[in-house]
Amino acid sequence: MANRWKNTLKERDVTPESAYLNRRQLIAGAAAAGAFGSIAQGAKAEELKPNKWDDITGYCNYYEFGTQKTDPAKYAHALTIKPWTVKIDGMVDKPGDYTFEDIMAKMTVEERIYRFRCVEKWAMVVPWNGFELADLLQLAGVQSNAKYVAFETVLRPEEMPGVHTNVLDWPYVEGLRMDEAMHPLTIMATGIYGKDIPKQNGAPLRLVVPWKFGFKSIKSIVRITATEHEPPTSWSKAYGRAYGFYSNVNPERNFPWSQESEKLLGSGLFARPQPTRLFNGYDEVASLYAGMDLQKYY
Ligand SMILES: Nc1nc2c(c(=O)[nH]1)N[C@H]1C(S)=C(S)[C@@H](COP(=O)(O)O)O[C@H]1N2
Ligand SMILES: [Mo]
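Quick summary incoming for the structure in this document. Treat the numbers as computed from the prediction; the structure is a model and nothing was measured. (Residues numbered from 1 in each chain as written. Chains lettered and ligands numbered in written order. Predicted model: local features only at pLDDT ≥ 70, side-chain atom pairs only at ≥ 80, totals over all residues. Heavy atoms only, no water.)

With respect to unusual backbone geometry
Thinking step 1. In this chain, Lys82 is followed by Pro83 through a cis amide linkage whose omega measures 0°.
Thinking step 2. Cis rather than trans, the peptide bond between Trp170 and Pro171 has omega equal to 0°.
Thinking step 3. Residue placement: Pro171 occurs in the loop between strand 5 (148-153) and strand 6 (173-177).
Thinking step 4. The residue Lys121 is not glycine, and still its phi comes out positive at about 85°.
Thinking step 5. Residue placement: Lys121 occurs in the loop between strand 3 (110-117) and strand 4 (122-132).
Thinking step 6. On the basis of relative accessible area, Lys121 is assigned to the partly exposed category, the value being 26%.
Thinking step 7. You will see that Tyr193, though not glycine, has its phi angle at about 55°, which is positive.
Thinking step 8. Mapped onto the elements of the fold, Tyr193 is located in the loop between strand 7 (187-192) and strand 8 (195-196).
Thinking step 9. Residue class for Tyr193 comes out partly exposed when judged on its relative accessible area of 37%. (Helix = DSSP H or I, 4+ residues; strand = E, 2+ residues; numbered from the N terminus. Buried < 20%, exposed > 50% of the residue type's maximum accessible area, 1.4 Å probe, protein only.)

Okay, here's the thing in structure tokens:
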């Protein structure tokens with residue numbers, strides 16, 4: 001739906017070519033100007049060549065539709081996404097059921113080309129369309145003493161063949177610390193390549209946090225709760241020793257397996273793995289974790 005909305009803009013439209021091509025200048029410039037934080041793109045734009053549509057939409061993790069990579073593309077068509085409402089509650093001044101249309105009428109959709117890294121060691125580059133989560137939280141009047149944000153995926157057993165197994169506790173839940181949620185790199189994606197986001201990728205709206213392992217980027221969100229306490233997350237409930245609340249991309253993580261390298265999707269069976277980068281290359285988030293032991297807070 002992304003491009004149907006009149007306030008849709010592309011990064012290219014608002015950013016001079018030279019700035020678009022240079023992340024560091026862009027971020028530094030944005031900080032200096034104090035105004036253009038929303039166009040910050042992160043991780044070396046000049047190197048980012050998006051993966052093909054078929055790779056992005058055909059190789060998915062969405063366990064509600066099955067655990068095979070091709071299951072979501074096969075079964076997610078059954079998901080009803082109209083009408084869609086997101087309940088925003090907890091520590092907000094304007095709690096309520098927000099329809100997808102209400103939200104989209106108020107948000108500015110941009111294109112964000114981001115690296116995306118799954119804990120399974122595959123990576124891809126996705127041209128998302130979406131809006132900053134911070135804008136939605138502000139729309140709901142998030143209160144200044146809220147410390148975390150919790151998210152929940154829709155749960156519809158009649159439409160989701162995978163939820164009849166207990167591979168995870170349903171519904172799928174995730175969470176962010178408030179400063180992570182408010183960071184300009186954190187978006188709610190509603191499209192890919194300028195088209196509506198496919199159901200297998202989390203239609204009609206899903207979180208994208210490019211510096212964290214992919215499982216933090218929760219799909220098909222129906223509830224967002226501002227809270228004082230760190231919320232439970234599906235993968236830490238399932239296997240907390242491996243998958244903690246933070247789950248920042250980190251080449252030094254070595255449990256349950258080494259995260260030292262990754263392989264770009266579509267690069268071919270015999271392509272060489274490439275080194276994993278701390279925070280998936282989005283160095284600008286490092287300050288969020290200053291003084292934290294990333295081995296302890298994994
Ligand atoms: N609700 C829900 N969200 C989810 C998942 C899931 O199984 N259910 N899988 C996660 C994992 S492990 C990854 S890697 C990404 C995959 O997103 P993609 O299929 O769009 O590439 O979605 C994440 N969000
Ligand atoms: Mo993942």
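Considering the nonpolar core
Thinking step 1. The biggest cluster of nonpolar side chains holds 77 residues, and the ones touching the most others in it are Trp128, Leu136, Phe151, Met188, Leu207, Trp211 and Ile224.
Thinking step 2. Per element, the largest residue contribution to this core is five residues, and it comes from strand 4.
Thinking step 3. In this structure, Leu207 is in contact with Leu133, Phe151, Leu176, Thr186, Ile187, Met188, Lys216, Ser217, Ile218 and Ile221, ignoring residues within four places of it in sequence. (Core = buried A, V, L, I, M, F, W, Y, C linked by side-chain atoms within 4.5 Å. Contact = heavy atoms within 4.5 Å.)

Points about the sheet that holds strand 5
Thinking step 1. Read from one edge of the open sheet, five strands run 2-1-10-5-6, paired in mixed fashion. Two strands close off the open sheet at either side, each with one partner strand: strand 2 (96-99) and strand 6. Direction aside, the axes of adjacent strands within the sheet are offset by 20° on average. (Pairing = 2+ DSSP bridges. Axes fitted to C-alpha atoms, helices over the stretch in contact; angles between N-to-C directions.)

Topic: the site of ligand 1
Thinking step 1. Around ligand 1 lies a shell of 18 residues, among which Tyr63, Glu64, Thr153, Asn201 and Lys219 are the nearest.
Thinking step 2. In the environment of ligand 1, a nitrogen atom lies 2.9 Å from a nitrogen or oxygen atom belonging to the side chain of Thr153.
Thinking step 3. Arg206 places a polar side-chain atom, nitrogen or oxygen, 3.1 Å from an oxygen atom of ligand 1.
Thinking step 4. Across the complex, the protein chains shield 97% of the 530 Å² of accessible surface that ligand 1 would expose by itself.
Thinking step 5. For the shell around ligand 1, the residue count by class is ten nonpolar, five polar and three charged. (Near = heavy atom within 4 Å. Polar contact = N/O pair within 3.5 Å; in protein donor to acceptor, adjacent residues only side chain to side chain. Areas by Shrake-Rupley, 256 points an atom, 1.4 Å probe, with all protein chains shown as cover. Nonpolar A, V, L, I, M, F, W, Y, C, P; charged D, E, K, R; others polar.)

Brief notes about empty space enclosed by the protein
Thinking step 1. This model, assessed by the stated rule, comprises three cavities of 30 Å³ or more.
Thinking step 2. Looking at the largest cavity, its volume works out to about 70 Å³.
Thinking step 3. Every residue along the wall of the largest cavity is listed here: Val119, Phe213, Phe215, Ala242, Tyr243, Ser247, Asn248, Arg253, Phe255, Gln259 and Tyr298.
Thinking step 4. Residue composition of the lining of the largest cavity, by class: seven nonpolar, three polar and one charged.
Thinking step 5. In this structure, the second largest cavity spans a volume of roughly 40 Å³.
Thinking step 6. The wall of the second largest cavity is formed by Asn248, Asn250, Arg253, Leu294, Tyr297 and Tyr298.
Thinking step 7. Split by residue class, the lining of the second largest cavity holds three nonpolar, two polar and one charged. (1 Å grid on protein atoms, 1.4 Å probe; cavity = no way out; pocket = protein on both sides within 12 Å on 5 of 7 lines; lining within 4 Å. Points joined across faces, edges and corners; volume = space filled by probe spheres on them.)

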